[in-house]
Amino acid sequence: NAGVTQTPKFQVLKTGQSMTLQCAQDMNHNSMYWYRQDPGMGLRLIYYSASEGTTDKGEVPNGYNVSRLNKREFSLRLESAAPSQTSVYFCASRDGLAGVGEQYFGPGTRLTVT
Amino acid sequence: AQSVTQLDSQVPVFEEAPVELRCNYSSSVSVYLFWYVQYPNQGLQLLLKYLSGSTLVKGINGFEAEFNKSQTSFHLRKPSVHISDTAEYFCAVRGSARQLTFGSGTQLTVLP
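This section reports on the structure supplied with the text. (Residues numbered from 1 in each chain as written. Chains lettered and ligands numbered in written order. Predicted model: local features only at pLDDT ≥ 70, side-chain atom pairs only at ≥ 80, totals over all residues. Heavy atoms only, no water.)

## Thoughts on the state of the cysteines
In a disulfide, the sulfur atoms of two cysteines are held together by a covalent bond. Residue and element names in this part refer to chain A. The line we're drawing: Count a disulfide wherever a pair of cysteine sulfur atoms falls within 2.5 Å. Strands here are runs of E lasting at least two residues and helices are runs of H or I lasting at least four, both read from the DSSP assignment and numbered beginning at the N terminus. Exposure categories follow from relative accessible area, calculated using a 1.4 Å probe and restricted to protein chains: below 20% of the type maximum is buried, above 50% is exposed, and the middle band is partly exposed.
All chains considered together, the criterion is met by two disulfides over all chains. Paired by a disulfide, Cys 23 and Cys 91 hold their sulfur atoms 1.9 Å apart. Judged by the sign of its S-S torsion, about -70°, the bond between Cys 23 and Cys 91 is left-handed. Of this pair, Cys 23 sits in strand β3 (residues 19–25) while Cys 91 sits in strand β9 (residues 87–94), and the two are 68 residues apart along the sequence. Across the pair, exposure class does not vary: Cys 23 and Cys 91 are buried alike.

Right, dumping it as structure tokens:
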């Protein structure tokens, strides 16, 4: 099993450009999450999807949109990138039907917006 | 609302010495508590978790943590660290929001 995979690993954007971060999991998990990690701030939840077909805002959703394409895939879109969105983005998944299951994280996408 | 405070942003320690990484949380309801580790340029992986039962929880790589409800703490300990333990450690809490709230992280650096 590959676990949680993310593409791309690195990306540089100019202000105003758009892009989509891709995430896929092969563990048949119901819940998926997008976080951003900034120095000294830990991980902050951007959006999550408790199950296929549902998405909800997290702590810092402004400037982002998400799509739960199917049970495996959960993408994060930046419509008009801003320098404040320079960060490391992590996708995670969890088997919500197994009680308080742990979250499994992908390797991250390092995004720089100039 | 729930929150997590990791009191030390950086902890340097010599190899084979003991270490304690501190974590305090606030929540108005019962919580589940987690410690994750992040090695350089990698995602996070679970070290250990407290869900219920015994307040002393053992995890991978020789780490353990103790849940103290009266002090709202969940400190992580290891009796003897190795160079390979150098990483960033995150405490996280799941409460009524059903989502994880992470602390700001503690960078553990093990010195030879």
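## Notes on the interface of chain B and chain A
Using the following cut-off: It only takes one pair of heavy atoms within 4.5 Å for two residues to be counted as in contact. A simple way to read buried area is as the amount of 1.4 Å-probe accessible surface that goes missing from two parts once joined, with both sides added. Salt bridges, as used here, are contacts in which a Lys or Arg side-chain nitrogen is within 4 Å of a carboxyl oxygen on Asp or Glu.
Counting residues at the interface gives 19 residues for chain B and 19 residues for chain A. Approximately 1500 Å² of surface area, both sides summed, lies buried where chain B meets chain A, with 54% of it carried by carbon and sulfur atoms. On the chain B side of the interface with chain A, the three residues burying the most area are Leu 44, Gln 99 and Phe 102 of chain B, jointly 32% of the side's total. Viewed at the interface, chain A and chain B are joined by zero salt bridges.

## Considerations on the packing of aromatic side chains
The geometry of two aromatic rings is summed up by the distance between their centres and the angle between their planes. Residues and elements named next belong to chain B. The condition is simple: Side-chain rings of Phe, Tyr and Trp (the six-membered ring for Trp) are treated as a pair once their centres are within 6.5 Å; stacked means planes under 30 degrees apart, edge-to-face means over 60, and tilted covers the remaining angles.
One pass over the structure, following the stated rule, counts 12 aromatic pairs over all chains. Seen in terms of ring centroids, Tyr 50 and Phe 67 are 4.3 Å apart; in terms of plane orientation they differ by 25°. Their pairing is stacked. Residue Tyr 50 is found in strand β6 (residues 44–50), and its partner Phe 67 is found in strand β8 (residues 64–68); the two are separated by 17 residues along the sequence. On the basis of relative accessibility, which here comes to 9%, the residue Tyr 50 falls in the buried class.

## Observations regarding unusual backbone geometry
Note the cis peptide between Thr 7 of chain A and Pro 8 of chain A, where omega equals -10°. Counting through the fold element by element, Pro 8 of chain A comes out in the loop between β1 (4–7) and β2 (10–13). The residue Asn 41 of chain B is not glycine, and still its phi comes out positive at about 60°. With respect to the element layout, Asn 41 of chain B can be found in the loop between β5 (32–38) and β6.

## Regarding the sheet that holds β3 of chain A
All names here are of chain A. Just so we agree on the cut-off: Strands were regarded as paired on the criterion that DSSP finds at least two bridges between them. Axis lines are fitted through C-alpha atoms, for helices just across the contact stretch, and the angle between N-to-C directions can take any value from 0 to 180 degrees.
Taken together, the four strands give an open sheet; going across it, the order is β1-β3-β8-β7, and neighbouring strands pair in antiparallel fashion. Only two strands of the sheet have a single neighbouring strand rather than two, namely β1 and β7 (64–68). Neighbour-to-neighbour, the strand axes of the sheet open up by a mean angle of 20°, direction not taken into account. Both β7 and strand β8 (residues 74–78) contribute to a ladder of five bridges, which runs antiparallel. Each bridged residue has a counterpart across the sheet, and for Val 66 the counterpart in β8 is Leu 76.

## Digging into the pattern of salt bridges
For the coordinates displayed, the defined rule picks out eight salt bridges over all chains. Arg 77 of chain A is the salt-bridge partner of Glu 79 of chain A, the closest N and O atoms lying 3.2 Å from each other. Classification of Glu 79 of chain A as partly exposed rests on a relative accessible area of 42%. In this structure, Arg 22 of chain B and Asp 8 of chain B form a salt bridge, with 3.0 Å as the shortest nitrogen-oxygen distance.

## A closer look at the side chain of Glu 102 of chain A
What counts is decided by this rule: Here a polar contact means two N or O atoms within 3.5 Å. Within protein one must be a hydrogen donor candidate and the other an acceptor candidate, and residues neighboring in sequence count only if both atoms are side-chain atoms.
Note on placement: Glu 102 of chain A falls in the loop between β9 and β10 (104–105). In terms of polar contacts, Glu 102 of chain A uses its side chain to reach the side chain of Tyr 104 of chain A, at 3.5 Å.

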